[in-house]
Each structure stands twice: as C-alpha cells, then as structure tokens.
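So you can see what is in the structure, the chains are spelled out below.
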Amino acid sequence: MRTRRRRTSLLIAGTTVAALAVPQPVGAAPTPVPTPAPTSPALSAAPAQAPVSVTLITGDRVTVTASGAVLIDRGEGRDGISFVTDEHDGRLRVVPGDAFAPLREGRVDPRLFDVGTLAAFGYDDRRDDLPLVVTGRGSTARSALRSAMTASGTTVTRDLPAVDGVAVRVPEKGRTRFWNDIAGGTRARSGGAAGTAKVWLDGLLKPSLDTSVVQIGAPAAWQSGYTGAGVKVAVLDTGVDATHPDLAGRIGARADFTAEPRAGDPDGHGTHIASTIAGSGAASGGRHRGVAPGAEILDGRVCEDHACQTSAVLAGMQWAAEQGAKVVNLSLGGGDTPEADPLEQAVETLTERHDMLFVVSAGNFGAERSVESPASADDALAVGAVDDSEALADFSARGPRAGDSGLKPEITAPGVGITAARSKDRATGSGPYTGMSGTSMSTPHVVGAAAILAGRHPGWTARTLKAALMGSAQPNPALGVFEQGAGRADVARATAQTVIAEPGGVGFGLRQWPYDDTPVTRKVTYRNADTSPVTLQLSVEDQPGTAPFTGSPGPSRCPRAGRRTSRSAPAPQAPCPVPSAAVSWRAGTRDCG
C-alpha cells in the first residue's frame, strides 16, 4: 500500500515533458540551482507523453497530467518541503528546497531533478528503481561506500574503481531514506556517509562519434557498408596496446624491430594511431570509433624512447609488405634533402613491388619547405593537418618539397586535439583515452580512408587509391596547394565517385635561370570505373605567383571502365626566374577539372 502523500499542484502549458512552458514556483528558492547538462538529442527528441509520473531521488513524485498540470506528491515525512519549478531548454525541473544546498555544493547531479531527462531515459514510475553512480573520496573508501549503500537499502550492481565509486539502484520506496542518509541529508553533509563525494544519475548516452571521424565523412561510408573489412593496415610506430578494449581482436600480427624489444606501447603514440584507424570505440560506447573499424592492424614496433632508427623502420616496412599490408601508416619522419634517402627509396621500391600505399605524416615544423622524409617520396601520400574548423594547423609542414619543389603535402586531415585510445603502458594521463595533436594524428585518418577505399575497390592499385583520395578531397579556398595539397580527405566522396584523375597532382618544379622556352609537360589519365560513360568538363586554373598553364585535353568522353589522357604544360616564359608550380585535380562522377 502506497504511503499517503501531500499534493501540491500548478498548471503549465503543453502536453509533453520535454516541451513545457515556464511554470510558476511553489514556495521560495533561496538561490539558483545549477543547470543540468543538455540531454542527448536522440533521447530527448521523443519524450514520454503526458500523463507521466517521476519519483525524484528525494522520494517526491512529480506528475504531469494530460491537461498540462504539474502535481507534486511529497514523500513520507516531507510535508514541510517547498519546491521550485522551472523550464530550461524545453525541459521541466522540479527542485525541492532541501536540494539547493547539495546542488550548490556539487554533491548531487542536477539531472536528478530534471523531469524531462528522467522521463526520456525511462526513469519514470514505470521503472521500479533509480540507477545512480555514487563516487567516493579515494580508493580506500570504496569498500566502506559499498557497505553504506547496502545499509541504506540500495542494491550495488558493480564496483567502479576508475571513479572510486559504485553503481547502485535505489528502489522507489527507499528513496527518501537514501536521500536523507546518503545524498542530501544531515548525515551526508557531515561526511558520515562513508565519504560520499557525489551522487550522479546513471544516465544513458547516445553513441556518437568524435568530430574528426565525422569531419572526413566516415559515417557515410559505413552506412554504405564500407568499413575497411578484409584490408590489412600496418602501423609502424611505438607499438600497440592490444589489450585496449577498442583494439581487442583488431591486431592480426606483431613484430618488434627495436634494439630493446618489449610488449605493449610505453610511449602510447602507436596505440593512439591504431585506434584512430581501426578502433571499435568499445571503451566510449562508440564515440571514439576509428575511421575503418573493419580493418586489420599489423603492429610493427620500430620506435623506442621517442626515436626511430632508420634500419628498424626499413625492416618494419619490409615486414609489412611480407605480411600483405595494403596500406602502411608512417607517422614519423626526419629532415629531407634533395637526394632520395633510404626511406624514400624503400617507399618507391615497396610500392612498385608489393603495390602498397604508404601514408606518411608531412611533419610538424610548420614552415615552408619543411615536409619531411619519407613523406617526400613520390609514391608516399604526404599528410598535413587541419583543425575542426578546416583551418591549417600552425604546426603542419608546408611545401614545396626540398630540392625540386615538388607537390607536397598532398592531402590534409584532422590533426588537432584528436582523442583516441590511451595505452595502459603510458606513464602519463589516465583513463582509456587521451588527446594528441600533430600530423602524426592526421595521418591515420587518411590511412583509415585508404583502407575503406581499398575494401570498396579491392582491385585498385596503391597509386590509384592515392589518386582517388586526392581527387575526392575538399580544398579550402583560403589555402594554397603547398599548404593543403588537394585538400581535406573526404572518404564519403571517395567511395562514391567513379572518375579518377591519375596522378592526383602534378608538380612542374622550380625552373632555374638560365633556361630555354621548352614547355614542361605532364600527363594526367582520367579513369572511369563505372559501367556507364561519363562526360568530363576539363579546365586548368592559374595560381597567383606561378606560371600560367595551357591544357591539351583528350576526348571529353570517358567510356565505361575506360581512360582518357590529357596533357598540360606551363606556357613559354620571359627570361626571369619562374616560381614553382603545381596542380591538384578534382574528379567527380559528372565532371572534373
């Protein structure tokens, strides 16, 4: 039999909990209370329809009737309590007078009095208990906290050592007692409740993605069924923490090429990269999912103590080829010189022999002509970094390439404040994730995009994959080609387009005086992978400060599964030094130019 309650009522407009007009106060409020964080849109979009009843943590029941009236039934022994109601962002809050002090002191979660949120979570009176998380003051207090919860009549469902707390469920009939003993009563305020730090609503989260993965269009590719499944991706770095929940079952092979082999990833760099590529997001409810969650990671440890010996990197590159990697992540580099160094040579040789795409960080020096090796190799896809507003990161290396002023970098991706898996072996930080910035972080975004594209088109060569990624990139009109290459990676467009301009960009170099007027030509091949012919509209635009271009396009009609070739060249020049020039091509399903 339910205990008799004293009822207070008021009338408000509206018929749903999440869309109520501002109600009038019942009683006086001594001070404003904290505003709860917004509820996930997916959860608040379909609120419970009135009438709805919610029993608060204090034991007071709030009912919103079909006519819009708000009725408050005070809990047992709470006849003298007054209430304040308000509406914030379309959600009704009902706050008892004795909750103001614990709210102000930060001892209880404001969402515990947000009727709209509680109803949207399904924590109304259709449910018998209220799920909570109770945190303590230090790990030594956790056992005492568990005992206190049990003594108060709550059910402890699990220990939460990460927050020095426990998850509990408070039955409806026991909430007033819980409030008095644990959450808001005199005992709680005096610190007698086993050192309780705060009582939180054990809320529901909508699985969502970190902004960088959304920024490059990965969810659209997933929706089309492209996740990189069946594609092997080598991460040649500091190692990978295979025990991380996001990487469980993702590691297909491991090898250590350092002077002092060891398990795990004490630096954390490689783990962060691997999860950006193929992490499941398991430790975050899917929020920090990698770009290509279906890809298989090959973990090649080639770096230790913040250094990567060239011989170790070379051995790792060879191992990756022998393991059948289609894409290789190299978030490392060193100073570039005009000649081809061993790493650059290895990129060219292994690309040719094993048809594997090396995606390499451009570097973090942030100056002109600072692109590092081996990103400087012709066949490497050199990656710069942008932030979440598409602005070029200050640290992102700019081109052109040392020596011949070739086109580098060739593409950009998010690389500022990227959250991804944190290795358990890392000495700094805590929790399952950590944030990092650099072209090391932008590179795995492009690697994931390449894996998705390789899964979409398993017969494409590494050079075709590179061209398709460049041709589908989104350029920032405020940036030059030597800052961003073709633009920011767009995997959604890459998987949808059928016309590819190969190569994805061409450089005409720096012509030194004295020189003759012989035009320098470059060939661009347009490939149509679709089953229907495509009509192309080609054009060449000059860039400020560079030599003007002339074009000699081939036939404008690309037959199905065919190709057409076009040549372009700088026009003859007057006898003066000519700045370096480069062109990136943008292809589409209907036109390119």
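The structure we're discussing is the one just above.
Since the model is a prediction, treat every value here as computed from it, not as a measurement.

Undergrad: How would you summarise the state of the cysteines if you had to cite specific residues and measurements?
TA: The final tally for this structure, using the stated rule, is one disulfide. In this model, Cys-303 is linked to Cys-308 through a disulfide, with the two sulfur atoms separated by 2.0 Å. Measuring handedness by torsion sign, the sulfur bridge of Cys-303 and Cys-308 sits at about 100° and is right-handed. With a relative accessible area of 4%, Cys-303 lands in the buried category. Classification of Cys-308 as partly exposed rests on a relative accessible area of 33%.

Undergrad: A description of unusual backbone geometry should follow, citing residues and the corresponding values.
TA: Following Ser-373, the chain continues into Pro-374 via a peptide bond in cis, with omega recorded as 10°. Relative to the helices and strands, Pro-374 resides in the loop between β17 (357-361) and β18 (381-386). Put simply, Gly-399 and Pro-400 share a cis peptide bond, and its omega is 0°. Its place among the elements puts Pro-400 in the loop between β18 and β19 (411-414). Within the chain, Glu-390 stands out as a residue other than glycine whose phi angle is a positive 75°. Topologically, Glu-390 is positioned in the loop between β18 and β19.

Undergrad: Talk me through the nonpolar core; I want residue IDs and the actual numbers.
TA: If you look at the biggest cluster of nonpolar residues, it comprises 49 residues, and the most contacted ones within it are Val-233, Ile-277, Leu-357, Ile-411, Val-446 and Leu-469. With nine residues, helix α12 (residues 439-456) is the largest single contributor of residues to this core. Not counting chain neighbours up to four residues away, the residues in contact with Leu-357 comprise Lys-326, Val-327, Val-328, Asp-379, Leu-381, Ala-450, Ala-462, Leu-465, Lys-466 and Leu-469. Within the second largest apolar cluster, 41 residues are counted, among which are Ile-81, Ala-99, Leu-132 and Val-156.

Undergrad: Tell me what's going on with the packing of helix α10 (residues 310-322) against helix α11 (residues 342-354), and back it up with residues and numbers.
TA: Running from N to C, α10 and α11 cross one another at 5°; their axes reach a closest spacing of 11 Å. As far as their axial angle goes, α11 and α10 are roughly parallel. Facing Thr-310, Val-313, Leu-314, Met-317, Gln-318 and Ala-321 of α10, the residues of α11 in contact are Pro-342, Leu-343, Ala-346, Val-347, Leu-350 and His-354. Considered class by class, the residues forming the contact of α10 with α11 number nine nonpolar, three polar and no charged.

Undergrad: Before we move on, could you go through the environment of Val-499 and cite the residues and values that matter?
TA: One can find Val-499 in strand β22 (residues 499-502). Among the residues examined, Val-499 registers a relative accessible area of 0% and is labelled buried. Spatially, the C-alpha atom of Val-499 lies 9.6 Å from that of Ser-472, the residues being 27 residues apart in sequence.

Undergrad: How would you sum up the pattern of salt bridges? Please name residues and give values.
TA: Inspection of the entire model under this criterion finds 24 salt bridges. Between Glu-172 and Arg-61 there is a salt bridge whose closest N-O contact spans 3.1 Å. Of this pair, Glu-172 sits in the loop between β9 (165-171) and α5 (175-183) while Arg-61 sits in strand β3 (residues 61-64), and the two are 111 residues apart along the sequence. A single burial state applies to Glu-172 and to Arg-61, both of which are buried. Linked by salt bridges that have partners in common, Arg-61, Asp-73, Asp-125 and Glu-172 make up one network.

Undergrad: With reference to specific residues and values, describe the packing of helix α9 (residues 269-278) against α12.
TA: It is the contact of α9 with α12, at a shortest axis distance of 8 Å, that shows an interaxial angle of 35°. Classified by chirality, the crossing of α12 by α9 is right-handed. Residue-level contacts link His-269, His-272, Ile-273, Thr-276 and Ile-277 of α9 to Ser-440, Met-441, Pro-444, His-445, Val-447 and Gly-448 of α12. Residue composition of the contact of α9 with α12, grouped by class: five nonpolar, six polar and no charged.

Rules of the game
Residues numbered from 1 in each chain as written. Predicted model: local features only at pLDDT ≥ 70, side-chain atom pairs only at ≥ 80, totals over all residues. Heavy atoms only, no water. Disulfide = S-S within 2.5 Å. Buried < 20%, exposed > 50% of the residue type's maximum accessible area, 1.4 Å probe, protein only. Helix = DSSP H or I, 4+ residues; strand = E, 2+ residues; numbered from the N terminus. Core = buried A, V, L, I, M, F, W, Y, C linked by side-chain atoms within 4.5 Å. Contact = heavy atoms within 4.5 Å. Axes fitted to C-alpha atoms, helices over the stretch in contact; angles between N-to-C directions. Parallel < 35°, antiparallel > 145°, perpendicular 65-115°, else oblique. Nonpolar A, V, L, I, M, F, W, Y, C, P; charged D, E, K, R; others polar. Salt bridge = Lys/Arg side-chain N within 4 Å of Asp/Glu carboxyl O. Left-handed = near helix turned anticlockwise from the far one by under 90°.

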